[in-house]
Amino acid sequence: MAAQHSSQADTRIYQVVHKTFRLATTRLVDASEKLEPSQLQSVFRPRWTFYSEVLHHHHHTEDDKIFPALVAVRPDMGELVGKLEDDHQQLVQSIEAVDSAVAAIERTPDAAHQRALYESLIAVRDAFFPHLDIEDEKIVPAIADSVLPKQWDQMDKEALKSIPRQHLSIAVASLDEMIRSIPRAQQPPPPPVPIRLMLALSWRKKYSAWVEPLLV
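The rules we used
Residues numbered from 1 in each chain as written. Predicted model: local features only at pLDDT ≥ 70, side-chain atom pairs only at ≥ 80, totals over all residues. Heavy atoms only, no water. Patch = residues over 30% accessible without salt bridge, like charges linked within 9 Å, V, L, I, M, F, W, Y side chains within 5 Å. Areas by Shrake-Rupley, 256 points an atom, 1.4 Å probe, with all protein chains shown as cover. Salt bridge = Lys/Arg side-chain N within 4 Å of Asp/Glu carboxyl O. Helix = DSSP H or I, 4+ residues; strand = E, 2+ residues; numbered from the N terminus. Contact = heavy atoms within 4.5 Å. Phe/Tyr/Trp six-rings, centres within 6.5 Å; stacked < 30°, edge-to-face > 60°. Buried < 20%, exposed > 50% of the residue type's maximum accessible area, 1.4 Å probe, protein only. Core = buried A, V, L, I, M, F, W, Y, C linked by side-chain atoms within 4.5 Å.

**Student:** When you look at a nonpolar patch on the surface in this model, what are you seeing that I'm missing?
**Tutor:** Judged by side-chain polarity, V193, L197, M198 and L201 come together as a nonpolar surface patch covering roughly 390 Å² of accessible area. Tracing the sequence through the fold places L201 in helix α7 (residues 193-211).

**Student:** Any chance you could explain the environment of V216 here in plain terms?
**Tutor:** Examined against the element boundaries, V216 turns out to sit in the segment after α7. Residues V216 and D30, 186 residues apart in the sequence, show an inter-C-alpha distance of 6.9 Å. In contact with V216, other than residues within four places in its own chain, are D30, A31, K34 and L35.

**Student:** Explanation requested: the packing of aromatic side chains in the structure shown.
**Tutor:** Within a pair of aromatic rings, the relevant descriptors are the distance that separates the centres and the angle that separates the planes. All chains considered together, the criterion is met by seven aromatic pairs. Relative to W152, the ring of Y14 lies with its centre 5.6 Å away and its plane at 55°, an arrangement referred to as tilted. Taken together, the residues span a long stretch of sequence, with Y14 in helix α1 (residues 12-34) and W152 in helix α5 (residues 149-161) at a distance of 138 residues. Considered together, Y14 and W152 belong to a single accessibility category, that of buried residues. Their ring planes at 20° and their centres at 6.3 Å tell us that Y207 and W210 sit as a pair that is stacked. On the criterion of helical spacing, the pair formed by Y207 and W210 is a turn pair, its members being three residues apart in helix α7. There is no split in this pair, since Y207 and W210 are both buried.

**Student:** Would you take a moment to explain the nonpolar core for this structure?
**Tutor:** It is characteristic of soluble globular proteins that their nonpolar side chains tend to be buried jointly. Counting 46 residues, the largest nonpolar core has F44, W48, Y51, L117, L121 and F128 as its most contacted members. Of all the elements in the fold, those that place two or more residues in this core are α1, α2 (37-73), α3 (78-107), α4 (111-146), α6 (168-180) and α7. Excluding anything up to four places from it in sequence, F44 contacts L28, A31, S32, Q39, V102, L117 and L121. Counting residues in each nonpolar core, the second largest holds 17 residues, with I66, A69, L84 and W152 among its members.

Here it is in structure tokens:
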């Protein structure tokens, strides 16, 4: 995708967020299928906790900030936005099922509980990816065309600042991984200087060690 015109809201980082969630979901699904139950018992909990809490933060940001800003200038999108908000609530149930499956495999790391974990993550993926498809195909272009660029830039900054502090380094480094995989001309603007320094000094290294058990 070429750089967006200055008269449009720059939604590239929003698209990166969605791509990052797709990759993280796929990695969790693959790890739950391929790792031994004893490995899942020891490594899965912190990675799942990060994923579920950051996903909740993302959906909270959409429901409270992004969607209202869009509907304010595009009331015709209201019905679709309402459906997406309903999807968020339904995903909570799927996420809670994974919570239970993670707790079960921590208690009893065997093949049956591994299968239950895998199937619960498949359910999250199969609900989440079509939801992302709709946002990418309909919501993102509508934001680019209709939300004022300055307003959108401010929301981008607020979303970054509101990431829970305990998750900030992994969240930013996971976005950085995705951004670095995109051709330079299509990358979003760089983050603030302090973020760039932390990535270079420690966050990339920390993230590499954190994600390594999921790379199966």
